[in-house]
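# Coordinates in review
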Amino acid sequence: MNKVILMGRLTKDPEIRYSAGQNQMTIARYQLAVDRRMKKAGEAAVDFIPCVVFGKQAEFAEKYLKKGTKIVVVGRIQTGSYMNRDGQKVFTTDVVVEEQEFAESKAAATNANGGDDFMGIPDGIDGEIPFR
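Note that this is a predicted model, so its numbers are computed, not measured.

### Focus on the overall build of the chain
Scanning the chain for helices and strands turns up two helices and six strands. If you list the helices and strands of the chain from N to C, you get β-β-β-β-α-β-β-α. When the 132 residues of the chain are sorted by exposure, 30% land in the buried category. A separation of at least 24 residues holds for 59% of the contacts in the chain among residues at least 6 apart in sequence.

### Concerning the pattern of salt bridges
Counted according to the given criterion, the structure contains six salt bridges. A salt bridge links R36 to D47, with the shortest nitrogen-to-oxygen separation between them at 2.7 Å. Separated by eleven residues along the polypeptide, R36 in the loop between strand 3 (26-35) and strand 4 (46-54) and D47 in strand 4 bring together distant segments of the chain.

### Regarding the pairing of strand 3
Residues T26, A28, Y30, L32 and V34 point to one face of strand 3 and are all buried, whereas I27, R29, Q31, A33 and D35, pointing to the other face, are not buried. Two strands pair when backbone bridges link them, and strand 1 (residues 4-10) and strand 3 are joined in this way by two bridges, in the antiparallel orientation. The partner of L10 across the bridge, within strand 3, is L32. In this structure, strand 2 (residues 15-18) lies alongside strand 3, joined through four bridges in antiparallel fashion. Bridge pairing in strand 3 places Y18 opposite T26.

### Overview of the packing of aromatic side chains
Going through the model one piece at a time under the given rule, you end up with two aromatic pairs. Plain terms: the ring middles of F60 and Y64 are 4.9 Å apart, the flat faces sit at 45° to each other, and that makes the pair tilted. In this pair, F60 and Y64 are both assigned in helix 1 (residues 55-64), four residues apart and thus about one turn of the helix distant.

Conventions adopted
Residues numbered from 1 in each chain as written. Predicted model: local features only at pLDDT ≥ 70, side-chain atom pairs only at ≥ 80, totals over all residues. Heavy atoms only, no water. Helix = DSSP H or I, 4+ residues; strand = E, 2+ residues; numbered from the N terminus. Buried < 20%, exposed > 50% of the residue type's maximum accessible area, 1.4 Å probe, protein only. Contact = heavy atoms within 4.5 Å. Salt bridge = Lys/Arg side-chain N within 4 Å of Asp/Glu carboxyl O. Pairing = 2+ DSSP bridges. Phe/Tyr/Trp six-rings, centres within 6.5 Å; stacked < 30°, edge-to-face > 60°.

Written as structure tokens, this is what we have:
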């Protein structure tokens, strides 16, 4: 079984691309900063997890997710590889997001950072949420 559940904050706004061809699809990439439970001698330990989202979920990410937004994602780990310009093989690991949802209210996001850079849940999107 390949199942991943993560909670963290976006390190920057999602990068949006569109597939080529007749049936154009939105593709969003973002990175989550996820706190580790185990910390060394009071040091903060954070993992930066690359995530990729497709279709309606990517359109949602484009419209509502911003740097600092705290979200929960459910997906799977996918590995791959490619040859870089120098002819060296580069290995990749991404979380392919199947579900994403806000992990805090708009008020909590504002209080957590004094209103700087954090978005939280936008008003008036109830009918547009693409997940259960």
